Amino acid sequence: MDFNLARGVDLHIIPTKQFKMNHVLIDFATPQTPTNATARNLLANLLETSTHRYPTQTALARQLASLYGAYVNLYVNRLGTLHTVRLRASFVNNRFVDGDVFEKISGLINEIIFHPLIDDGEFDGPTFRIQSNNLKSAIKSLYDDKQFLANQRLMDLYYQNDSVMKIPSFGQITDLESLNAKSLVSTYQSMIAEDKIDIFVLGDIDPLRAQQLFAKLPFKNRNVIRNSLLYHQSLYDQVQRKTEYQQVNQAKLNLAYSLPTYYHDPDYYAGLVFNGLFGGTPYSKLFTNVREKASLAYYASSRLLPFNGVVSVQTGIQASDKEKVQDMIQEQLIALQDGDFTTETLREVQDSLINQYRAGHDLASNVLEQQLVTKLINESDKDFITEIKKVTVADVMRVAKQMKLQAVYLLSGEK
C-alpha cells in the first residue's frame, strides 16, 4: 500500500505478521558526486548520535531503552549511481506493551531527522570533531583488511578515471580535511530538501495509522529527476593491470569482467545462475576446480554487481601461482561458454539460489531492501523462484559469452 506524502516523498506500507518486531526504513537517495559520499556518511553519523532534545549519545540511547529496547541507526550505501543515506528502526508491536510505541518511535524519527544538534548555522563542534575522528578511524580500519583492500583496488582499476564510482560509498579520509561543522549543514539541508525519499513500514501495523503518523514528518515537495541508476561503462582497449606489494602472507588476485546484464534485464536471472555456476556458490567451477581440485587458491569466488555491469572474482593464492590461477579462471569461463556443465549442477545452483532467497526473506532487512530496489528502479518485482527455474543451459552460455575481462589486480607479498 503506497501513499504520496509530498512530491518526491513516498510512503510504502507492508502489513505482515511474519516478524515479531515492526520495522521502518527511510531512504534518502541522490546521484553520487565526487564530493558528497564522505560528507553524507559523516552526516549520517552525526544524526545518529545526537539531537536537540537528546544532545548526547547516552541521552539518545536512554530514550531508545525506554521504548522497550527500540533500535535506530543511520548508515550509507550505494545502489548503482545513487548514493543513499538510510535510517533503520525496529521496535516492538504495540499489542505486547503498554503505550503507543509506534507513535513514540515516529516522534523520535522526527526528532532525529528534523532537529539535529545545529546551533547558529553549525553542528555542535565537539560532537562534529568526535564523529569526524571516528569516521577516519573506521575507514582506515576497513583498509587494514587486505581482502577488502584488494577488492577496492580492483574497482578503482576497473572504473574509468572520470567515474564517481571510484569513490566508495563510505567516502575517503582525504575528503574529511575539507569538511567542517558549518559546511556539513549545507549537506544536511540539501539531503532534507532535495533527495528522493522512500519510507517503508513493515510489520503488524494499521496502514492508515502509519500514514497518519508519517504524514507528520514535515517533508516539502522536491523536484526529482528520474535518471537511470544503472552504471554503464565503455570497454577498455586493453586489460587494465596493476600489482602492489605489501606485507601479506597470502596474495590476493582479483579480476573484474564487464557483463552488461543488469537488474531486471531479460538476462538478469540467467546472469544470477551464471554467476552461481562460475563462482557464486559451493557448486561453482571456481570453488570446485580452482580451490578444491587444483588446490591453487585458499578461496575463490565471484560476485555479480547487477547495477554496475560487473562481475568480480576474488582469490587468495600464492603469488608464484598467479599465472596458473588466472589461466585456470579463464578455463572455467570458457567451459561455461561452451556449456560444459551438467543439468544436475545447473539444478543444484538454481536450488541453492532459491534457498538463499527464501532464507533471506526470513529477515526483515532483506525484505525491505528488495522493496526499496523495486521502488527505486521503478519496476514491478518479478517472481524470483519462477524466473530462476526458467533458466536453461543455453541462457547460461549466452550470458557467459558476454563476459569481457577488463581489470586484473594483484596484491603480493613477494617481489
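Where an unreviewed UniProt entry is consulted, the chain appears under the name Insulinase family protein, with the organism given as Limosilactobacillus agrestis.

## Observations regarding the overall build of the chain
Of the regular secondary structure elements, the chain holds 15 helices and 13 strands. For 415 residues, the compact-globule formula gives about 22 Å, and the C-alpha radius of gyration of the chain, at 23 Å, lands near that figure. Overall, the C-alpha framework of the chain stretches about 60 × 45 × 35 Å when taken along its three principal axes. Counting every position in the chain, which comprises 415 residues, the buried fraction comes to 55%. Of the contacts formed within the chain by residues at least 6 apart in sequence, a portion of 82% connects residues at least 24 apart. Summing over all exposed atoms, the chain offers an accessible surface of approximately 19,300 Å²; the carbon and sulfur share of this is 47%.

## Quick word on the environment of Leu 217
Following the sequence through the fold, Leu 217 ends up in the loop between α8 (207–214) and β9 (240–245). Residue Leu 217 is classed as buried on the basis of its relative accessible area of 6%. For the pair formed by Leu 217 and Ile 13, sequence separation is 204 residues and the distance between their alpha carbons is 16 Å. Ignoring sequence-local partners within four residues, the contact set of Leu 217 consists of Ile 26, Ser 106, Asn 110, Phe 114 and Ile 199.

## Considering helix α13 (residues 364–377)
Its 14 residues place the ends of α13 20 Å apart at the C-alpha level, agreeing with the 20 Å of an ideal helix rising 1.5 Å per residue. Among all positions in α13, only Ala 364, Val 367, Leu 368, Gln 370, Leu 372, Val 373, Thr 374, Leu 376 and Ile 377 are buried. Phi turns positive, to about 60 degrees, at Asn 378, one or two residues after α13.

## Some thoughts on the pairing of strand β12 (residues 310–317)
Across the eight residues that make up β12, a large majority, eight, are buried. Judged from the eight bridges that link them, strand β10 (residues 251–258) and β12 form a sheet pairing that is antiparallel. In the sheet register, Ser 258 faces β12, and the bridge partner there is Val 310. As consecutive antiparallel partners, strand β11 (residues 299–305) and β12 are separated by four residues, and within that stretch Gly 309 has a phi angle of approximately 70 degrees, a positive value.

## Regarding the packing of helix α9 (residues 268–280) against helix α12 (residues 343–360)
Two elements in contact, α9 and α12, have axes separated by 9 Å at closest approach and are oriented at 110 degrees. Between α9 and α12, the interaxial angle falls into the category roughly perpendicular. In this structure, α9 crosses over α12, and the sense of that crossing is right-handed. For the pair α9 and α12, the contacting residues are Leu 272, Val 273, Gly 276 and Leu 277 in the first and Thr 345, Leu 346, Val 349, Gln 350 and Leu 353 in the second.

## Details of empty space enclosed by the protein
Evaluation of the coordinates by the stated rule reveals one cavity of 30 Å³ or more. In this structure, the largest cavity is lined by Leu 46, Ser 50, Pro 116, Leu 117, Phe 123, Asp 124 and Thr 127. Residues belonging to the lining of the largest cavity are distributed by class as follows: four nonpolar, two polar and one charged.

## Some remarks on the layout of surface pockets
By volume, the largest pocket is sized at about 1,400 Å³. Arg 303, Leu 304, Leu 305, Pro 306 and Phe 307 are, among the 44 residues lining the largest pocket, the residues nearest its centre. If you tally residues by element for the lining of the largest pocket, the top one is α9, at six residues. Class assignment of the residues belonging to the lining of the largest pocket gives a composition of 19 nonpolar, 17 polar and eight charged. Taken as a whole, the second largest pocket encloses approximately 590 Å³ of empty space. Together, 26 residues line the second largest pocket, and Ala 29, Thr 30, Pro 31, Leu 82 and Ile 225 are the ones closest to its centre. When residues in the lining of the second largest pocket are grouped by element, the largest group, five residues, is from helix α7 (residues 183–194). Here the lining of the second largest pocket is composed, by residue class, of 10 nonpolar, 10 polar and six charged.

Conventions adopted
Here, residues in each chain are numbered from 1, in the same order as that chain's written sequence. Reporting of local features is limited, given that this is a predicted model, to residues whose pLDDT is at least 70; pairs of side-chain atoms are given and counted only at 80 or more, and all residues count toward the totals for whole chains, interfaces and linings. To get the side-chain values, all heavy atoms of the structure are used, and hydrogens and water are removed first. Each helix is a run of H or I in the DSSP string that is no shorter than four residues. Each strand is a run of E no shorter than two, and both are numbered from the N terminus. What the globule rule says is 2.2 Å times the number of residues to the power 0.38, and the radius of gyration is computed from C-alpha atoms. Accessibility here uses a 1.4 Å probe with only protein chains present; expressed as a share of the type maximum, an area under 20% marks a residue as buried, one over 50% as exposed, and anything in between as partly exposed. Between two residues, a contact is recorded if the distance between any of their heavy atoms is within 4.5 Å. Under the convention used here, a 1.4 Å probe and the Shrake-Rupley method define accessible areas, while residue burial counts only the protein chains that appear. Here the expected length of a helix is defined as 1.5 Å per residue gap, with one fewer gap than residues. Here a strand pair is declared whenever DSSP counts at least two bridges between the two strands. Axes, fitted as lines to C-alpha atoms, cover a helix only where it is in contact. Angles between the N-to-C directions of the axes lie from 0 to 180 degrees. Under this scheme an angle from 65 to 115 degrees is roughly perpendicular, one under 35 degrees roughly parallel, and one over 145 degrees roughly antiparallel; angles in between are oblique. The sense of a crossing depends on the near helix, which, turned anticlockwise from the far helix by less than a right angle, makes the crossing left-handed and, turned clockwise, makes it right-handed. Detection works on a 1 Å grid of protein atoms alone, calling trapped sets that fit a 1.4 Å probe cavities and calling open sets with protein on both sides within 12 Å along at least five of seven lines pockets, with lining residues defined by an atom within 4 Å of a point. Grid points are joined across faces, edges and corners, and a volume is the space filled by probe spheres set on the points. Polarity classes work like this: nonpolar for Ala, Val, Leu, Ile, Met, Phe, Trp, Tyr, Cys and Pro, charged for Asp, Glu, Lys and Arg, and polar for all others, with Gly in that last group.

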